Amino acid sequence: HRGLRNGDIPENSIKSFKKAMEKNYTIELDVQLTKDKKLVVFHDDNLKRMTNKDKFIKECTYEEIKDLKLKNTDEKIPLLKDVLKLVDGKVLLDIELKMDVTDHSLEDGLIEILKDYNGEVILKSFDFRKVKYLKKHTNYKIGLLIKRMSGFKDFIIRNINFNILIKPDFLACNK
C-alpha cells in the first residue's frame with residue numbers, strides 16, 4: 001500500500017516502490033493532478049502531513065512542489081511517468097485516482113500516460129463517476145472503492161442496481 005514503506009522510507013516515494021519491486025509486490029499508489037495538469041503520485045489532497053507545506057496539490061504547479069522532501073528524507077513527490085519508467089511492467093500497478101478533480105482531466109491524463117505503458121495495471125476510485133468514465137474509455141480492470149457511509153450514499157453503494165449502472169470490475173472495501 002503506497003509502496004513498501006517504513007519510518008525511513010516514505011509512502012508513494014521512488015524508494016518505497018523500489019523496495020516493493022525487490023519483493024515482487026504489487027504496487028498500490030495514488031495519483032492526483034497539479035494545477036498545471038501534471039500527474040503526481042501522492043495520497044493526501046494537502047501536502048502538510050508528508051511535507052509540512054500547508055497547501056493543496058491542486059493549487060500547486062509541479063515546479064512548486066518538485067523539490068519538497070517527503071517526511072524529512074531525500075525522497076520527493078514523483079511524477080507518475082517516472083514511476084512507470086521505474087516499474088516498467090515488472091509488477092502489477094494498482095492505481096487509485098483521487099477525487100479532488102470534478103471534470104475528467106485526471107482520467108484523461110491517466111489514460112494518455114498509460115497508452116505507452118506495457119505493464120499490468122488496474123485502476124480504482126471512490127468516485128463512481130470516475131469508475132464509470134474509465135469503464136467507458138479504457139480496457140483496464142476498474143474498481144470502485146467503498147467505505148462505510150451513512151444515509152443515502154450507503155444505501156446507493158450497497159444497492160446492486162447502482163453497481164449494475166456503474167459496472168465496476170471489482171469492489172474494494174476499507175473494512
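For the structure itself, consult the block above.
Calculation notes
Residues numbered from 1 in each chain as written. Predicted model: local features only at pLDDT ≥ 70, side-chain atom pairs only at ≥ 80, totals over all residues. Heavy atoms only, no water. Buried < 20%, exposed > 50% of the residue type's maximum accessible area, 1.4 Å probe, protein only. Helix = DSSP H or I, 4+ residues; strand = E, 2+ residues; numbered from the N terminus. Arc of directions from axis to C-beta. Contact = heavy atoms within 4.5 Å. Phe/Tyr/Trp six-rings, centres within 6.5 Å; stacked < 30°, edge-to-face > 60°. Lys NZ or Arg CZ within 6 Å of the ring centre and 35° of its normal. Axes fitted to C-alpha atoms, helices over the stretch in contact; angles between N-to-C directions. Left-handed = near helix turned anticlockwise from the far one by under 90°. Nonpolar A, V, L, I, M, F, W, Y, C, P; charged D, E, K, R; others polar. Salt bridge = Lys/Arg side-chain N within 4 Å of Asp/Glu carboxyl O. Core = buried A, V, L, I, M, F, W, Y, C linked by side-chain atoms within 4.5 Å. Parallel < 35°, antiparallel > 145°, perpendicular 65-115°, else oblique.

A.B. asks: Honestly, helix α1 (residues 14–22) in this entry has me stumped. Any pointers?
C.D. replies: Owing to its 3.6 residues per turn, the α-helix aligns residues three or four sequence positions apart on the same side. Those residues of α1 not exposed but buried are Ser 16, Phe 17, Ala 20 and Met 21. Looking straight down α1, one finds its buried side chains confined to an arc of 140 degrees; they lie on one side. Close packing links the buried residues of α1 with β1 (27–33), β2 (39–41) and α4 (80–87).

A.B. asks: I keep staring at the packing of aromatic side chains and nothing clicks. Help me out?
C.D. replies: Where two aromatic rings form a pair, the distance of their centres and the angle of their planes describe that pair. For the coordinates displayed, the defined rule picks out zero aromatic pairs. The lysine or arginine in question, Arg 129, covers the ring of Phe 128, its NZ or CZ lying 5.7 Å from the ring centre.

A.B. asks: Sorry, what's going on with the packing of α4 against helix α5 (residues 105–114) here?
C.D. replies: Running from N to C, α4 and α5 cross one another at 30 degrees; their axes reach a closest spacing of 11 Å. At the point where α4 passes α5, the crossing takes the right-handed sense. On α5, the residues touching Leu 80, Lys 81 and Leu 84 of α4 are Leu 110, Ile 113 and Leu 114. In terms of residue class, the contact of α4 with α5 is made up of five nonpolar, no polar and one charged.

A.B. asks: I'm lost on the pattern of salt bridges in this one. Help?
C.D. replies: Once their charged atoms are close, side chains differing in charge can pair, the charge on each being opposite to the other. Scanning all chains against the criterion turns up 14 salt bridges. Asp 127 is paired through a salt bridge with Arg 129; the nearest N and O atoms lie 3.0 Å apart. With relative accessibility at 5%, the residue Asp 127 sits in the buried group. What emerges from the salt-bridge pattern is a single network uniting Glu 11, Asp 44 and Arg 49.

A.B. asks: Hey, could you run me through the nonpolar core in this one?
C.D. replies: Proteins that are soluble and globular tend to have nonpolar side chains buried together. One finds Ile 27, Leu 29, Val 31, Leu 93, Ile 95 and Leu 123 to be the most contacted residues of the largest nonpolar core, which totals 29 residues. Apart from the residues lying within four places of it in its own chain, the contact partners of Ile 27 are Phe 17, Ala 20, Met 21, Val 87, Val 91, Leu 92, Leu 93 and Asp 94. If you look at the next biggest cluster of nonpolar residues, it comprises twelve residues, including Val 40, Met 50, Ile 57 and Ile 65.

A.B. asks: How should I be thinking about the packing of α1 against α4 in this particular structure?
C.D. replies: Where α1 contacts α4, the axes come no closer than 11 Å and their chain directions differ by 25 degrees. The angle between the axes of α1 and α4 places the two elements in the roughly parallel class. For the pair α1 and α4, the sense of crossing is right-handed. Residues Ile 14, Phe 17, Lys 18 and Met 21 of α1 touch α4, and the partners they reach there are Val 83, Leu 86 and Val 87. Its residues assigned to classes, the contact of α1 with α4 comprises six nonpolar, no polar and one charged.

A.B. asks: What is the right way to look at the environment of Asn 118 in this model?
C.D. replies: Secondary-structure assignment places Asn 118 in the loop between α5 and β4 (121–125). Spatially, the C-alpha atom of Asn 118 lies 7.4 Å from that of Asp 88, the residues being 30 residues apart in sequence.

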